[in-house]
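Architecture at a glance
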Amino acid sequence: MTFLDAILLAIIEGLTEFLPISSTGHMIIASTLMGNASDSFVKLFTVAIQFGAILSVVLVYFQKFIQSFRFYLLLGAAFIPTGIIGLLAKKHIDALLENVAVVAWSLLIGGVVLLFVDRFFADNESQTEEKPLDFKSAIIIGTVQSIAMIPGVSRSAATIIGGLSQKLTRKAAAEFSFFLAVPTMCAATLKSMYDEKELLLQSSGHEWLLLLVGNIVAFIVAYLAIKSFISFLQKKGFRAFGWYRIALGAALLILLAMGVDLQMAG
């Protein structure tokens, strides 16, 4: 793995982690096109650099994370469904991560859904006061987030739509999606790194430097993406993301139908 590969993957991670376009799907596609998707260290790298993206959320919303204990109780309630389902379905999820066709169909179908989200939840934006999030709504959002275990679905898209279904505005739903990413991504990243602890311990100095650079780049890019995403979402909504997902998913399916080898080696 080269420094250029590491920087490109970190930029993709930072750009896509909090947008409703599936970071996992984009990382699978990018590493496959780079020709190193089957490399064990590359797989570890794509997981480990999520820490950089996580830290960007804490920095942007630092006041929220020190505001009240209830905030953490809500995050805990939302995380529980994902944690349970993730542990039970990990083997099946890992198998899906090897299949670009699954990513393509998820991107396409999710894109179609995003085309109609703004219209379906239009009433949410007319509220005079933001609806406070309760524990029942948090659990529902966390349950919806579990769908994003399918690569290409997008954790951000799932949790934002889950928030909209609970009468949150686009801004509030997106922000809660960011907050929920912290425990969810931390747990998933730590679990994956624990499973690959021998590979991590055996990594060379060059590979540790790649991890450091990747996390720094992912942090910077994710910080900028978060700051701009909320503003864009309030002004434009989800349709642009929907069309992007449809175009990318359709392009992948066409390439697969033409016999282009985009499948990841096991």
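This write-up is about the structure you can find in this document. Every chain begins its residue count from 1, and numbering advances along the sequence as written. The predicted nature of this model means local features are confined to residues of pLDDT at least 70 and side-chain atom pairs, given and counted, to a pLDDT of 80 or more, with totals for whole chains, interfaces and linings taken over all residues. Hydrogens and waters are ignored; side-chain quantities use all the structure's heavy atoms.

Quick notes on the overall build of the protein
Secondary structure follows DSSP: runs of H or I at least 4 residues long count as helices, runs of E at least 2 residues long count as strands, and numbering of each begins at the N terminus. Each helix and strand in the protein was counted, giving 13 helices and 0 strands. Each helix (α) and strand (β) of the protein, taken in turn from the N terminus, gives the series α-α-α-α-α-α-α-α-α-α-α-α-α. Taking 2.2 N^0.38 as the reference for a compact globule, 266 residues should give roughly 18 Å; the C-alpha atoms of the protein span a radius of gyration of 18 Å, in line with that estimate. The principal-axis extents of the C-alpha atoms in the protein amount to approximately 55 × 45 × 35 Å. For every residue, the accessible area obtained with a 1.4 Å probe (protein chains only) is divided by the maximum for its type, and the residue is called buried under 20%, exposed over 50%, and partly exposed between those limits. Looking at the protein as a whole, 50% of its 266 residues qualify as buried. Restricting the calculation to C-alpha atoms gives the radius of gyration, and the globule rule supplies 2.2 Å times the number of residues raised to the power 0.38.

Quick word on the packing of helix H3 (residues 40–48) against helix H12 (residues 205–236)
Angles run from 0 to 180 degrees between N-to-C directions of axes, and those axes are lines fitted to C-alpha atoms, restricted for helices to the stretch in contact. One way to put it is that H3 packs onto H12 with a least axis distance of 10 Å and a crossing angle of 30°. Considering how the two elements wind past one another, H3 and H12 form a crossing that is right-handed. For the pair H3 and H12, the contacting residues are Phe41, Phe45 and Ala48 in the first and Glu207, Leu210, Leu211, Gly214 and Asn215 in the second. In this scheme the handedness of a crossing depends on how the near helix is turned from the far one: anticlockwise by less than a right angle means left-handed, clockwise means right-handed. Whether two residues are in contact is decided by their heavy atoms: any pair within 4.5 Å suffices.

Considering the pattern of salt bridges
Salt bridges are defined by distance alone: a side-chain nitrogen of Lys or Arg within 4 Å of a carboxyl oxygen of Asp or Glu. Within this structure, the stated rule accounts for 3 salt bridges. The partner of Asp118 in a salt bridge is Arg170, with the nearest N and O atoms 3.4 Å apart. Taken together, the residues span a long stretch of sequence, with Asp118 in helix H7 (residues 100–120) and Arg170 in helix H10 (residues 170–195) at a distance of 52 residues. Residue classification places Asp118 among the buried positions, given a relative accessible area of 17%. When the shortest N-O distance is used, the salt bridge between Glu175 and Lys171 registers 3.0 Å. Of the two residues, Glu175 and Lys171 both sit in helix H10, 4 residues apart, roughly one turn of that helix. We classify Lys171 as partly exposed; its relative accessible area is 33%.

Overview of helix H13 (residues 239–257)
Note: α-helices contain 3.6 residues per turn, so residues at a spacing of three or four share the same orientation. Spanning 19 residues, H13 covers 27 Å between terminal C-alpha atoms, matching the ideal 27 Å at 1.5 Å per step. Turning to H13, its buried residues are Phe241, Gly242, Arg245, Ile246, Gly249, Leu252 and Leu253. Across the axial projection of H13, the buried residues extend over an arc of 140°, all falling on one side. Downstream of H13 by one or two residues, Gly259 has phi in the positive range, about 90°. In this scheme, a helix's expected span is set at 1.5 Å multiplied by one less than its residue total. As used here, the arc is the angular range of directions from the helix axis to the C-beta atoms.

Comments concerning the nonpolar core
What we call a nonpolar core is a set of buried Ala, Val, Leu, Ile, Met, Phe, Trp, Tyr and Cys residues that are connected through their side-chain atoms within 4.5 Å. Phe18, Val57, Tyr61, Phe176, Phe178 and Phe229 are the most contacted members of the largest nonpolar core, which has 39 residues in total. Elements with a contribution of two residues or more to this core: helix H4 (50–60), helix H6 (69–96), H7, helix H8 (135–145), helix H9 (155–165), H10 and H12. In terms of residue count, H10 provides more of this core than any other element does, 10 residues in total. Leaving out residues up to four positions away in the same chain, Phe229 has contacts with Phe18, Leu19, Pro20, Ile160, Ala174, Phe178 and Phe241. Counting 18 residues, the second largest nonpolar core, distinct from the first, contains Leu9, Leu44, Ala48 and Leu200.

Some points on unusual backbone geometry
Phi is mostly negative for residues that are not glycine, and the peptide bonds are mostly trans. Residue Ser22 is not a glycine yet carries a positive backbone phi of 75°. Assignment of secondary structure puts Ser22 in the loop between helix H1 (3–16) and helix H2 (23–34). A relative accessible area of 2% places Ser22 in the buried class. Even without glycine at this site, Ser154 takes up a positive phi of about 90°.

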